[in-house]
Amino acid sequence: MTFSIQGIGAVTPLGSNGAETWSALCRGEQATRTPFAKPLAGRHYFSCPVPAKFIAAAARQPRLRRSGTISLLGAAAGFDALADAGWSPDHGSSDRTAVVFAVCSSGINYTRRFYHEIVTQGAHSASPLLFPETVYNAAASHVAALLGVNGQSYTLVGDSSVGLGAIHFATELLTMQPQLDCCLVVGTEEADWLLADAFASWRMATTQDQFEVYGRAGGTIFGEGAAAILLGRSGTLAVANSSAGLPFHSYRNSESAAREMFGHLPAEGIPEIIVSSANGTFADEVERKVFSEFYPAVPVYAPKSSLGEALGASALLQVAVAGWALRHQKLPGTLGAGPKLQSVNRQTRSCSASQALVTAVGFNHQVNALNLRLAESPY
Amino acid sequence: MQGIDRPNRVLVTGLGVVSPLGANTKANLLSLLSGQDGVGPVGSFDVTKTRCKTAGQIPDEWLENAFPPGRVAKRLHRGARMASLALREACESAKGAKPELMVVGTTGGGMSYGEFFYRHLLAGQSRKNSAQLVGNYTPQKPIQDALERNGLRIPTQILSNACSSGSNAIGHGFELVKHGLRHCVVCGGYEPLCELVFVGFDSLQAATPERIRPFDKMRTGLVLGEGAAFLILESEKSVAQRGAVAMAEVTGYGVSTDTYHLTQPDPSGIGPKLAMQRALVSAKVEAEAIDYVNAHGTATVFNDATEGVAISDLCGEVAVSSTKSMMGHALGAAGAIEAAFCVLALREQFLPPNINFNEPDPSWKFVVIANTSRSARLSHVLSNSIGFGGTNATLIVKQV
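Residues numbered from 1 in each chain as written. Chains lettered and ligands numbered in written order. Predicted model: local features only at pLDDT ≥ 70, side-chain atom pairs only at ≥ 80, totals over all residues. Heavy atoms only, no water.

Trainee: How should I be thinking about the overall build of chain B in this particular structure?
Mentor: Of the regular secondary structure elements, chain B holds 13 helices and 15 strands. When contacts within chain B are restricted to residue pairs at least 6 apart in sequence, long-range pairs at least 24 apart make up 79% of them. Put simply, chain B shows about 13600 Å² of open surface, and 51% of that area lies on carbon and sulfur atoms. Placing the 37 positive and 35 negative side-chain charges of chain B at their respective mean positions leaves the two points 7 Å apart. (Helix = DSSP H or I, 4+ residues; strand = E, 2+ residues; numbered from the N terminus. Contact = heavy atoms within 4.5 Å. Areas by Shrake-Rupley, 256 points an atom, 1.4 Å probe, with all protein chains shown as cover. Lys, Arg positive; Asp, Glu negative; His and termini not counted. Charge placed at Lys NZ, Arg CZ, Asp CG, Glu CD.)

This is the structure we're talking about:
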């Protein structure tokens, strides 16, 4: 049973929707790196924030008036994907549409604010308005409510590979439940200084305003945003393979796990483009070794050096990019590409591709991959 | 991905539970039979400024043997210890089952390490332990540790659907086996108590300074709990091939999303009612066939009113209890622990009690199993979970 991407949506530091984001990536734009406000302990980090105006429309929804950025991002991307598919919600489809969210740190701004109140003012002063928005499934709940979904709404939590797992989860739902027409899969994440500092303790976040992919693994810069795909039973862009992913228990095992996931995935031949998760951390080297072994001539595009590492959103952003690349037969150039991977695509160019491989090596010991296949030319 | 035309029977072949009522399944069973109260004063963080000061907690000494002693084990989150012990018991009781996938529910994961990290930051303390705290706070890390400890290297799906997470995890595992996408899945939930969530429920005035009294007319709110439980679900074919013994059969799963409000259920009861109806359809049984309902029963005014209406409307005079009365609300693990309790109730043919119960609420028809357990003939039991965000999940388990 094969399922297809019927709509792609996004809101990123480079665009208020998918079309703007794709155009900016193809023009070689890089998201503005802005220092986080209010750093603690004198430690400064940069991030790639989504401009507030990009989510202003979502923030006008009454249901979202008190919700955190993560929910606004998720809603904006979700509705963009629905618009891309030409889909409009109607009450007749309330139990025929499922919502699946992928998150990593989820509502970290509200969580930090809520806990800050506990620590600095005492538990009796903590705001009951903040707490509900700290739960992992708050964003999914809001989007389900906005769409009038009364059936299935799931939130999957994981590292930066979780978006691929969420797509697989959606394929499981569609396989098992014939009454479902489609599944809206959304990955969403907001940036916060706390996250950058936490990652810095593992040398995975840099204090600089630039980072290199497939070069010196000096740490990443966090982005934020959301990506969404509407997965249905027909369409021209098929999810040819997906997986729940594989764990690796230590860095030593990461390469074998990646080899197992990336190397044996394509069922119908070698992919013609790869959209990778390279982000300036240990993950780059894991991917580099496997790509060099299995796909030495396949061009690799790494979007995180343009958009930043958006964790729960990032794998779905990669899928969105792969989908756009196949639709438009064009592959953007990787910014800040180091010397270690020969096959990295450095300049935006036309490509003739019908299959794309999307890979993810997560910071928390998960690897995953999926294949997209263009069933027929959209033109 | 290809399903099958004729659905599989889904059998429970392994069970592991760690909760404030016991460090293993047998101890939990004895506590359920005796109506043990596992709630006590909170010891792991300051509660001087909260209204509620109690929770169901697992003593640290119960978790000591989860990992071999050593430097690495010391760093691991207690959520990893709970999950590892429950997983070990589930795998051992399944006697040779080979799970292909793990589906886990949780809401907070290793959140308390995130709290320590932030307190260290604010206090300007050294970053010496930062990497350890950060590395172990994510919801997936304790599960990775538990899998590694138990020699399993399998894909994992971590679901965080608030308080229905554990039931969702078992329900999804059930569907995968039923439809032939997997032969054997380990599924359940884990939830360690943490300050942020404790204060969160306190700030909403959902937590009570009194005893937790689900379905009592004078109920005043919930107390939190913690724990972990895992079930091994296998297709009948897989069970037959390896000559395993089934403990129970999962026959139904239903979900609904109540979009009324992020933290309050629709008072009409439509959310849980829809989940229960869908589970009954899934199990191909009528509501009259249900012998016992293990209710979500948090003892908040809103939850019990909503769930009470739904159970009453659908199942009439059925026997109902909330085992949260004994151990508190274990959030993302609650559905898994309560599903495990349902398996125990079916195997031992008894009704777990709803302790601290004084006065029935006349609005409902069902019979609350007040304060002491009872022997009963049980064939089908139903377990409800209701969560923030309007997530509702119902499981139906059958005697084999």
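Trainee: What am I meant to see in the overall build of chain A here?
Mentor: Within chain A, the regular secondary structure consists of eleven helices and 16 strands. The C-alpha atoms of chain A give a radius of gyration of 19 Å, which matches the 21 Å a tight globule of 379 residues would have. Dimensions of chain A along its principal axes, counting C-alpha atoms only, are 60 × 55 × 40 Å. Counting over 379 residues, chain A shows a buried share of 68%. Sequence separation of at least 24 residues holds for 79% of the intrachain contacts in chain A that already meet a minimum separation of 6. Looking at chain A as shown, the accessible area adds up to about 12100 Å², and 50% of this sits on carbon and sulfur atoms. Treating the 26 positive side-chain charges of chain A as one cloud and the 28 negative ones as another, the clouds have centres 5 Å apart. (Rg over C-alpha atoms; globule rule 2.2 N^0.38 Å. Buried < 20%, exposed > 50% of the residue type's maximum accessible area, 1.4 Å probe, protein only.)

Trainee: Mind showing me how you'd approach the packing of aromatic side chains here?
Mentor: One pair of aromatic rings is described through two measures. These are the centre distance and the angle between the planes. Residue and element names in this part refer to chain A. All chains considered together, the criterion is met by 17 aromatic pairs over all chains. Between the aromatic rings of Y154 and F169, the centroid separation amounts to 4.9 Å while the plane-to-plane angle is 65°, which identifies the pairing as edge-to-face. With Y154 in strand β5 (residues 153–157) and F169 in helix α6 (residues 162–176), the pair connects residues that are 15 residues apart, well separated along the chain. By the burial criterion, Y154 is buried, and F169 matches it. (Phe/Tyr/Trp six-rings, centres within 6.5 Å; stacked < 30°, edge-to-face > 60°.)

Trainee: Help me understand the interface of chain B and chain A in this model?
Mentor: The figure often quoted for interface size is the accessible area lost as the parts come together. Contact residues are listed per partner, giving 67 residues for chain B and 71 residues for chain A. When chain B packs against chain A, the two sides together hide about 5900 Å² of surface, and 61% of this comes from carbon and sulfur. Counting the contacts that link chain B with chain A gives one salt bridge. In this structure, R153 of chain B and E260 of chain A form a salt bridge, with 3.5 Å as the shortest nitrogen-oxygen distance. Applying the counting criterion to the chain B and chain A interface returns 19 residue pairs in polar contact (both at pLDDT 80 or more). Grouping the amino acids of the side of chain B that touches chain A by side-chain chemistry returns 31 nonpolar, 25 polar and eleven charged. (Buried area = accessible area lost by both parts, 1.4 Å probe. Salt bridge = Lys/Arg side-chain N within 4 Å of Asp/Glu carboxyl O. Polar contact = N/O pair within 3.5 Å; in protein donor to acceptor, adjacent residues only side chain to side chain. Nonpolar A, V, L, I, M, F, W, Y, C, P; charged D, E, K, R; others polar.)

Trainee: Honestly, the sheet that holds strand β7 (residues 222–223) of chain A in this entry has me stumped. Any pointers?
Mentor: Whether parallel or antiparallel, the strands of a sheet pair through hydrogen bonds between backbone atoms. Residues and elements named next belong to chain A. Ordered in space as β2-β3-β7, the three strands form an open sheet in which the pairing is mixed. Looking at the sheet topology across the chains shown, the edges are occupied by β2 (34–35) and β7. When β2 meets strand β3 (residues 46–48), the two strands line up antiparallel, connected through two bridges. Residue P35 lies in a different strand from β3, and its bridge partner there is F46. (Pairing = 2+ DSSP bridges.)

Trainee: Explanation requested: the pairing of strand β1 (residues 3–11) of chain A in the structure shown.
Mentor: Each regular strand displays side chains that alternate between the two surfaces of the sheet. Residues and elements named next belong to chain A. When you tally the buried positions in β1, you get eight out of nine residues, the bulk of the element. By the bridge criterion, three bridges tie β1 to strand β9 (residues 237–241) in an arrangement that is antiparallel. Residue pairing for β9: I5 is matched across the bridge by L237. Sheet analysis places β1 next to strand β8 (residues 225–232), joined by seven bridges and oriented antiparallel. Within β8, the position partnered with S4 by the bridge is G232.

Trainee: I tried to follow the packing of helix α7 (residues 193–200) of chain A against helix α4 (residues 111–122) of chain B on my own but got confused; where do I start?
Mentor: For any two helices packed against each other, one specifies the inter-axial angle together with the distance between the axes. For the pair α7 of chain A and α4 of chain B, interaxial distance at closest approach is 12 Å and the crossing angle is 95°. As far as their axial angle goes, α4 of chain B and α7 of chain A are roughly perpendicular. Where α7 of chain A abuts α4 of chain B, its residues W193, L194, D197 and A198 of chain A lie against F117, Y118 and L121 of chain B. A breakdown of the residues in the contact of α7 of chain A with α4 of chain B according to their chemical character gives six nonpolar, no polar and one charged. (Axes fitted to C-alpha atoms, helices over the stretch in contact; angles between N-to-C directions. Parallel < 35°, antiparallel > 145°, perpendicular 65-115°, else oblique.)

Trainee: For this particular structure, what's the right way to read the state of the cysteines?
Mentor: Counted by the stated rule, this structure contains zero disulfides over all chains. The structure places no disulfide on C26 of chain A, whose sulfur is separated from the nearest cysteine sulfur, that of C351 of chain A, by 9.6 Å. Here C26 of chain A falls in the buried class, since its relative accessible area comes to 14%. Looking at C187 of chain B, it has no disulfide partner, and the nearest cysteine sulfur is the one in C184 of chain B, 9.1 Å off. (Disulfide = S-S within 2.5 Å.)

Trainee: Before we go on, may I ask you to explain the side chain of H329 of chain B in this structure?
Mentor: Residue and element names in this part refer to chain B. Among the secondary structure elements, H329 is positioned in the loop between α12 (324–327) and α13 (334–348). The class for H329 is buried, based on a relative accessible area of 1%. Every residue in contact with H329, bar those within four places of it in the chain, is listed here: C163, L222, V223, L224, G225, H296, T298, K324 and A334.

Trainee: Is there a simple way to think about the pattern of salt bridges in this case?
Mentor: Working definition: two side chains of opposite charge can pair if their charged atoms are close together. Residue and element names in this part refer to chain B. For the structure on display, the rule yields 25 salt bridges over all chains. Salt-bridge contacts for E236 lead to R9; the nearest nitrogen and oxygen are separated by 2.8 Å. Taken as a pair, E236 in helix α9 (residues 236–241) and R9 in the segment before β1 (10–18) lie far apart in primary sequence, 227 residues in all. A relative accessible area of 35% places E236 in the partly exposed class. Judged by its relative accessible area of 35%, R9 is partly exposed. E338 serves as the salt-bridge partner of K324, at 2.9 Å between the closest nitrogen and oxygen. Of the two residues, K324 is situated in helix α12 and E338 in helix α13; the sequence distance between them amounts to 14 residues. Side by side, K324 and E338 carry an identical accessibility label, which is buried.

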